[in-house]
Amino acid sequence: MKPIIGITPSIVTTDGDRPERRYTLATTYSDAVDAAGGVPIILPYHEGSVERILDIVDGLVLSGGADLRPDRYGDTTVHPTVYGIDDLRDSFEVALVERAIARGVPILGICRGCQVLNVALGGTLIQDIPDQHGTTIEHRQSERTIPPAEPSHSVSVESGSLLETVYGATSLATNSFHHQAIRDIAPSLRLAGRAPDGIVEAVWRPGPTWVLGLQWHPELMFRAHPEHLRPFQALVAAARAAGRSAAVGS
Ligand code: MN
């Protein structure tokens, strides 16, 4: 049986005379999960459903999106560039991370999802890279009109990390669409990759549960650069090993 992979969406409020909150998810996330051999499903934010969701899914993708509320990682001030805070999403995803790790459900965190992993496990964030971390790298490559499927900076891979296992490489070429990043890595996470300016670009969690966070967007790159399907393939393999699809012997 193909493993079921739950993907968290974003949420937007529509304009017009009947504004409403709507879940949105770029199709590239489910395309990448499908291409890797998983069955993608989308998860609305109902914190009371977390345990039953984890009965159903064999793995999770935390998708990209807007910023976490800074007081979740102990910052009492909010940088003026912080945008799109959604407390329901923050609470749902943090609960999902805590319970998924406790229950052995593999997690791939992408961009915001990498930051969610870190904050849920007790780490902190840089609220705005250009203002709070001196760098010559533009981590928002749209400012340089580089297409989303193309890389804009390198990532050096930590020896012995899960990232090295997944990509089988010591250096990666990645895209970059973020103005925030990990500041202090959570106690249970480990550095997996850095940009040349020192920005943390990937983390992983040693232990029985497969957990990988990537600051870039492999789902936007995997068609043009097939090595970026590997995180999804590794997630699906871990889900197969950990999930109920393995328990029934298929
Ligand atoms: Mn970057």
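Residues numbered from 1 in each chain as written. Predicted model: local features only at pLDDT ≥ 70, side-chain atom pairs only at ≥ 80, totals over all residues. Heavy atoms only, no water.

Caption draft 1: Region of the structure containing the overall build of the chain. When helices and strands are tallied, the chain shows eight helices and 13 strands. Taking 18 Å as the expected radius of gyration for a compact globule of 250 residues, we find that the chain reaches 17 Å, a close match to that expectation. Overall, the C-alpha framework of the chain stretches about 50 × 50 × 35 Å when taken along its three principal axes. Scored against the burial criterion, the 250 residues of the chain give a buried share of 52%. Expressed as a percentage of contacts within the chain between residues at least 6 apart in sequence, the contacts between residues at least 24 apart total 69%. A total accessible area of about 10,600 Å² is found for the chain, and carbon and sulfur atoms account for 52% of it. Within the chain, the 29 negative side-chain charges are centred at a point lying 6 Å from the centre of the 21 positive side-chain charges. (Helix = DSSP H or I, 4+ residues; strand = E, 2+ residues; numbered from the N terminus. Rg over C-alpha atoms; globule rule 2.2 N^0.38 Å. Buried < 20%, exposed > 50% of the residue type's maximum accessible area, 1.4 Å probe, protein only. Contact = heavy atoms within 4.5 Å. Areas by Shrake-Rupley, 256 points an atom, 1.4 Å probe, with all protein chains shown as cover. Lys, Arg positive; Asp, Glu negative; His and termini not counted. Charge placed at Lys NZ, Arg CZ, Asp CG, Glu CD.)

Caption draft 2: Up close: helix α1 (residues 27–35). The complete set of buried residues in α1 reads Y29, A32 and V33. When α1 is viewed along its axis, its buried side chains cluster within an angular range of 100° and face the same direction. Summarising the contacts, the buried residues of α1 are in contact with β1 (4–8), β4 (39–42), β5 (59–62), β6 (107–110) and α7 (230–242). Positive phi shows up at G37, right after α1, with a value of about 95°. (Arc of directions from axis to C-beta.)

Caption draft 3: Quick peek at the nonpolar core. One finds L54, L60, L62, F92, L96, V97 and I107 to be the most contacted residues of the largest nonpolar core, which totals 34 residues. Elements that contribute at least two residues to this core include exactly α2 (50–56), β5, α3 (87–103), α4 (112–120) and β12 (200–204). The contact partners of L54, leaving out residues within four places of it in the chain, are L60, L96, R99, A100, R103 and V105. In this structure, L212, L229, L235 and V236 belong to the second largest nonpolar core, which totals 32 residues. (Core = buried A, V, L, I, M, F, W, Y, C linked by side-chain atoms within 4.5 Å.)

Caption draft 4: Spatial organisation of the packing of aromatic side chains. Throughout the structure, instances matching the rule amount to three aromatic pairs. Ring plane angle 90° and centroid distance 5.0 Å describe the contact between Y23 and Y45, whose orientation is recorded as edge-to-face. Of this pair, Y23 sits in strand β3 (residues 21–24) while Y45 sits in the loop between β4 and α2, placing them 22 residues apart in sequence. Taking relative accessible area as the criterion, Y23 reaches 37% and is therefore assigned partly exposed. On the basis of relative accessibility, which here comes to 4%, the residue Y45 falls in the buried class. Centroid distance Y45 to F92: 5.9 Å. Interplanar angle 35°. Geometry classified as tilted. Of this pair, Y45 sits in the loop between β4 and α2 while F92 is found in helix α3, placing the two residues 47 residues apart along the sequence. Classification of F92 by relative accessible area gives buried; the value is 1%. (Phe/Tyr/Trp six-rings, centres within 6.5 Å; stacked < 30°, edge-to-face > 60°.)

Caption draft 5: Quick peek at the pattern of salt bridges. Taken as a whole and assessed by the stated rule, the structure comprises 14 salt bridges. As a salt-bridge pair, D31 and R223 come within 3.7 Å of each other at their nearest N and O atoms. A residue pair is termed long-range when its members are at least 10 positions apart, and D31 in helix α1 and R223 in the loop between β13 (211–214) and α7 qualify at 192 residues. Judged by relative accessible area, which is 29%, D31 ranks as partly exposed. (Salt bridge = Lys/Arg side-chain N within 4 Å of Asp/Glu carboxyl O.)

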